[in-house]
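Chain residues, written in single-letter form:
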There are 2 protein chains.
Amino acid sequence: MIDTARSTVGFIGTGVMGASMAGHLLDAGYPLIVHNRTRERAMPLVERGAVWADSPGAVASLADIVITIVGYPSDVEAVYLGEGGILQRARRGALLIDMTTSTPSLAMRIAEEAAARGLQSLDAPVSGGDVGAREARLTIMVGGEAEVFARAEPLFSAMGRTWTHAGGPGAGQHTKMANQIAIAGSMLGAIEAFAYAKSAGLGLETTFAAISAGAAGSFSMTNYVPRVIAGDLAPGFYVKHFLKDLRIALAEADALGLELPGLSLATSLYERLASEGGNELGTQALWLLYDRD
Amino acid sequence: MIDTARSTVGFIGTGVMGASMAGHLLDAGYPLIVHNRTRERAMPLVERGAVWADSPGAVASLADIVITIVGYPSDVEAVYLGEGGILQRARRGALLIDMTTSTPSLAMRIAEEAAARGLQSLDAPVSGGDVGAREARLTIMVGGEAEVFARAEPLFSAMGRTWTHAGGPGAGQHTKMANQIAIAGSMLGAIEAFAYAKSAGLGLETTFAAISAGAAGSFSMTNYVPRVIAGDLAPGFYVKHFLKDLRIALAEADALGLELPGLSLATSLYERLASEGGNELGTQALWLLYDRD
């Protein structure tokens, strides 16, 4: 049963992640207005009761709360700051939540322009992948004012398992960058460990059983090395999206005057994988750079 | 009560790890003969009933099973292959178990020379650190013949939580190298993630709460980042010992014709840390290379 007392939510970007997340909001009883660049991908939500709108601006003109999860920072910029976009057409007092992984500086710029127009905003990128989105077990990292964070918590609780107020505008994106930097290292270590094991003639399943639960263990090893052993390089999480994140992290670190040689190396390895045609594979396909059989 | 039906065990190397491990064997009722380069460190075991012997060879001449856990491959070579060492003086049919993290090639050489003398041998390095040794929760990675592994399992069960037969002679050391390569990556990622977070002005505790249980998580992050946040760079696991392991792994990978840029980078960073006086700190002191305040 739909709770009509709830805020109307606009949802822009119903790709693999967004479709699951918007579905949870429908399940929770929020009246939903949806838009997606590729219309067909939003239709399953429309069949479940969401209303289609023809542009991001049109969504914003109808919603109390607008959530976006689109591809790249350039997409975020276009839907928020473009002609006829969200900021121009949002209703006074509306809450805008960008859940795309994007740049901290863009998040801060949107927050400023939103405030100047009497709007509230949060940057709230997620971690947990397609499975986390589907099972409402996402980790949500949130930047913005504390009272705005509090206003959004009922929505986060419908989509995620943990949500953290990381600080002011941009802090959600910065936290997500820290998250991706850690993954870059643990994935690199796990893949190199098993490349070594294979080269040394060890059984990969035996090696996994011996080391994955101990000091060498990581989410990356536990969740991705079994796929590598099974020959499954399909995404989970796309190389092209991870590479986008790593490039942002590297640019941000650079802007902060911080040298991160591990991040630099991981980025250059994923650049190489992408240049060799790996963009549409999963992040565990880093394996291909080592396993040249 | 001592079970005198049990094999007599010789234990060489009663440092931080070895003292705990030998203590568990005493607890399990094994008659124990001990030797250590620094005599005083073995005295607590002698007070609990172990018998002191003046050299590795003297230990071997009295024991059914000889366990070694010494510092460096050069030490392993000396106690096994040196004049009057273990191989020369071991009793026919004795089982020799080297639990030092050492080179696979040396493990294979010892196995060959042991077999030529009618002795059995295993390479069985451990992971889990001082706490794992103290609490008998070590991960033990074992190379050697299957029936020799089976003979040693009662001893492993007294010292460890998991023990895996990884393959023939040297496979235990190769598995340990895979383990250390994975740790190098996950530690590097965790440290760089929090160096970024600090630089970006995030709260480190908040960041830890937001990301450590998700896709960015690892044993390294869970166990070492809280020490970094607390300003505690004491060993856990010494930089000098980790560096020894990384150098062995790098040399082995090189011998296998395998390029591991992540391992190379981590090794060079730990070399730098060591050259700046970090040898006696814990591995989490990698932080010092990033936090220049």
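Worth saying up front: this structure is predicted, and the values here are computed from it rather than measured.

Reading guide: rules and limits
- Along each chain, residue indices are assigned from 1 in the same order as the chain's sequence is written.
- Here every chain gets a letter starting at A, and every ligand a number starting at 1, in the order they are written.
- Only residues with pLDDT of at least 70 are given local features in this predicted model, and only at 80 or more are side-chain atom pairs given and counted; all residues enter the totals for whole chains, interfaces and linings.
- Remark: hydrogens and water are excluded; side-chain values derive from all non-hydrogen atoms of the structure.
- The secondary structure listing takes helices from DSSP runs of H or I that are at least 4 residues long and strands from runs of E that are at least 2 residues long, numbered from the N terminus.
- Throughout, the radius of gyration refers to the C-alpha atoms, and the reference size of a globule is 2.2 Å times the residue count to the power 0.38.
- Relative accessibility thresholds used throughout: buried, under 20% of the residue-type maximum; exposed, over 50%; partly exposed, between the two (1.4 Å probe, protein chains only).
- Residues count as neighbours in contact if any of their non-hydrogen atoms are within 4.5 Å of one another.
- Here the arc refers to the directions that run from the helix axis out to each C-beta atom.
- Least-squares fitting of one copy onto the other uses the C-alpha atoms of those residues that reach a pLDDT of at least 70 in both copies.
- The term salt bridge refers to a pairing of a side-chain nitrogen on Lys or Arg with a carboxyl oxygen on Asp or Glu at a separation within 4 Å.
- Lines fitted to C-alpha atoms define the axes, with helix axes restricted to the stretch in contact, and inter-axis angles between N-to-C directions lie between 0 and 180 degrees.
- An angle below 35 degrees is treated as roughly parallel, one above 145 as roughly antiparallel, one from 65 to 115 as roughly perpendicular, and anything else as oblique.
- Crossings are assigned a handedness: left-handed for a near helix turned anticlockwise from the far helix by less than a right angle, right-handed for a clockwise turn.
- All amino acids are sorted into three groups, where Ala, Val, Leu, Ile, Met, Phe, Trp, Tyr, Cys and Pro are nonpolar, Asp, Glu, Lys and Arg are charged, and the leftover types, Gly among them, are polar.
- Given the number of residues in a helix, its expected span is that number minus one, multiplied by 1.5 Å.
- Counted as positive: Lys and Arg. Counted as negative: Asp and Glu. His and the chain ends are not counted at all.
- Pairing of aromatic side chains requires ring centres within 6.5 Å, counting the rings of Phe and Tyr and the six-membered ring of Trp. Pairs whose planes differ by under 30 degrees are stacked, by over 60 edge-to-face, and all others tilted.
- The criterion is that NZ of a Lys, or CZ of an Arg, lies within 6 Å of the ring centre and within 35 degrees of the ring normal, and then a charge sits over that ring.
- Looking down the strands as they point away from you, a crossover is right-handed if its path from the first strand over the helix to the second goes clockwise.
- Paired strands are those between which DSSP finds at least two bridges.
- For this analysis, a polar contact is any N or O atom pair within 3.5 Å, provided that within protein one partner can donate a hydrogen and the other can accept it, and provided that sequence-adjacent residues contribute only side-chain to side-chain pairs.

### A short note on the overall build of chain A
And step 1. Summing up its helical and strand segments, chain A has 13 helices and nine strands in all.
And step 2. In terms of overall dimensions, chain A is globule-like: its C-alpha atoms have a radius of gyration of 20 Å, near the 19 Å expected for 293 residues.
And step 3. Projecting the C-alpha coordinates of chain A onto the three principal axes gives extents of approximately 65 × 45 × 35 Å.
And step 4. Looking at chain A as a whole, 58% of its 293 residues are labelled buried.
And step 5. Partitioning the contacts of chain A with sequence separation of at least 6, the portion at a separation of at least 24 is 65%.

### Some remarks on helix α10 (residues 204-211) of chain B
And step 1. Turning to α10 of chain B, its buried residues number three or more, namely Leu204, Thr207, Ala210 and Ile211 of chain B. Mapping the buried residues of α10 of chain B onto a view down its axis gives an arc of 120 degrees, with all of them on the same face. Those residues of α10 of chain B that are exposed and aimed more than 90 degrees away from the buried face are Glu205 and Ala209 of chain B.
And step 2. Contacts made by the buried residues of α10 of chain B are with β8 (138-143), β9 (160-167) and α9 (171-199) of chain A together with α9 (171-199) and α11 (219-229) of chain B.

### Notes on the relation of the copies chain B and chain A
And step 1. When chain B is fitted onto chain A, the two copies agree to an RMSD of 0.0 Å after a turn of 180 degrees and an axial shift of 0.0 Å. Viewed as a symmetry operation, the transformation between the two copies matches a two-fold axis.
And step 2. When the interface residues of chain B are mapped onto chain A, 100% of them are again interface residues, pointing to one common binding face.

### Topic: the pattern of salt bridges
Residues and elements named next belong to chain A.
And step 1. Overall, the coordinates contain 22 salt bridges over all chains when judged by the stated rule.
And step 2. For Arg48, the salt bridge goes to Asp27, with nearest N and O atoms at 2.6 Å. Here Arg48 is found in the loop between α2 (43-47) and β3 (51-52), whereas its partner Asp27 is found in helix α1 (residues 16-27), with 21 residues between them in sequence.
And step 3. Residue classification places Asp27 among the exposed positions, given a relative accessible area of 58%.
And step 4. Here Glu77 and Arg109 are joined by a salt bridge, their closest N and O atoms 3.2 Å apart. With Glu77 in helix α4 (residues 73-81) and Arg109 in helix α6 (residues 104-116), this residue pair connects regions lying 32 residues apart in the sequence.
And step 5. A relative accessible area of 38% places Arg109 in the partly exposed class.
And step 6. In this structure, a network of salt bridges that share partners links the residues Glu77, Arg109 and Glu113.

### Remarks on the packing of α9 of chain B against helix α13 (residues 261-278) of chain B
Residue and element names in this part refer to chain B.
And step 1. Contact geometry of α9 with α13 gives a least axis separation of 9 Å together with a crossing angle of 70 degrees. By the angle between their axes, α9 is roughly perpendicular relative to α13. For the crossing formed where α9 meets α13, the hand is left-handed. Contacts between α9 and α13 involve Ile181, Ala184, Met187 and Leu188 from the first element and Leu263, Leu265, Ala266, Leu269 and Tyr270 from the second.
And step 2. Of the residues assigned to the contact of α9 with α13, the class counts are nine nonpolar, no polar and no charged.

### Describing α9 of chain A
Residues and elements named next belong to chain A.
And step 1. Look at α9: 42 Å from first C-alpha to last across 29 residues, which is about the 42 Å you get at 1.5 Å a residue.
And step 2. Most of α9 is tucked away: 27 of the 29 residues are buried.
And step 3. Backbone geometry just after α9 places Gly201 at a positive phi near 85 degrees.

### Some thoughts on the side chain of Glu252 of chain B
And step 1. Mapping Glu252 of chain B onto the fold places it in helix α12 (residues 239-255).
And step 2. For Glu252 of chain B, which is buried and forms no salt bridge, the nearest opposite charge comes from Arg109 of chain B, at a distance of 12 Å.
And step 3. If we skip the residues at most four places from it in the chain, Glu252 of chain B touches Tyr196 of chain A together with Thr103, Pro104, Ser105 and His174 of chain B.

### Description of the packing of aromatic side chains
And step 1. Enumeration according to the criterion identifies eight aromatic pairs over all chains in this entry.
And step 2. Plain terms: the ring middles of Phe149 of chain A and Phe156 of chain A are 6.2 Å apart, the flat faces sit at 40 degrees to each other, and that makes the pair tilted.
And step 3. The buried category is assigned to Phe149 of chain A, whose relative accessible area is 10%.
And step 4. With 5.9 Å between their ring centres and 65 degrees between their planes, Phe237 of chain B and Phe242 of chain B make a pair best called edge-to-face.
And step 5. With a relative accessible area of 27%, Phe237 of chain B lands in the partly exposed category.
And step 6. Classification of Phe242 of chain B by relative accessible area gives buried; the value is 1%.
And step 7. One Lys or Arg, Lys240 of chain A, reaches over the ring of Tyr238 of chain A and ends 4.8 Å from the middle of that ring.
And step 8. Positioned over the ring face of Tyr72 of chain A is Lys244 of chain A, at 5.6 Å from the centre of the ring.

### A word on the pairing of strand β1 (residues 9-12) of chain B
All names here are of chain B.
And step 1. Going residue by residue along β1, you find Val9 and Phe11 tucked away on one face and Gly10 and Ile12 tucked away on the opposite face as well.
And step 2. Each parallel crossover has a hand, and the one from β1 via helix α1 (residues 16-27) to strand β2 (residues 32-35) is right-handed.
And step 3. The pairing of β1 with strand β4 (residues 65-68) spans four bridges and is classified as parallel. Following the sheet pairing, Phe11 is matched in β4 by Ile67.

### Looking at the environment of Val225 of chain A
Residues and elements named next belong to chain A.
And step 1. Assignment of secondary structure puts Val225 in helix α11 (residues 219-229).
And step 2. Sequence separation between Val225 and Ile110 is 115 residues, and the spatial gap between their C-alpha atoms is 39 Å.
And step 3. Contacts of Val225, omitting those with residues within four sequence positions, involve Ala190, Phe194, Phe208 and Ser220.

### Brief notes about unusual backbone geometry
And step 1. Located in the positive-phi region is Ala136 of chain A, a residue other than glycine, with phi close to 55 degrees.
And step 2. Looking at the element boundaries, Ala136 of chain A is found in the loop between α7 (129-134) and β8.

### Quick look at the side chain of Thr100 of chain B
Residues and elements named next belong to chain B.
And step 1. Among the structural elements, Thr100 can be located in the loop between β5 (95-98) and α6 (104-116).
And step 2. Residue class for Thr100 comes out buried when judged on its relative accessible area of 1%.
And step 3. At 2.7 Å, the side chain of Thr100 and the side chain of Asp98 are in polar contact.
And step 4. Aside from chain neighbours lying at most four places away, what touches Thr100 is Thr68, Ile69, Val70, Gly71, Val76, Pro125, Gln173 and Lys244.

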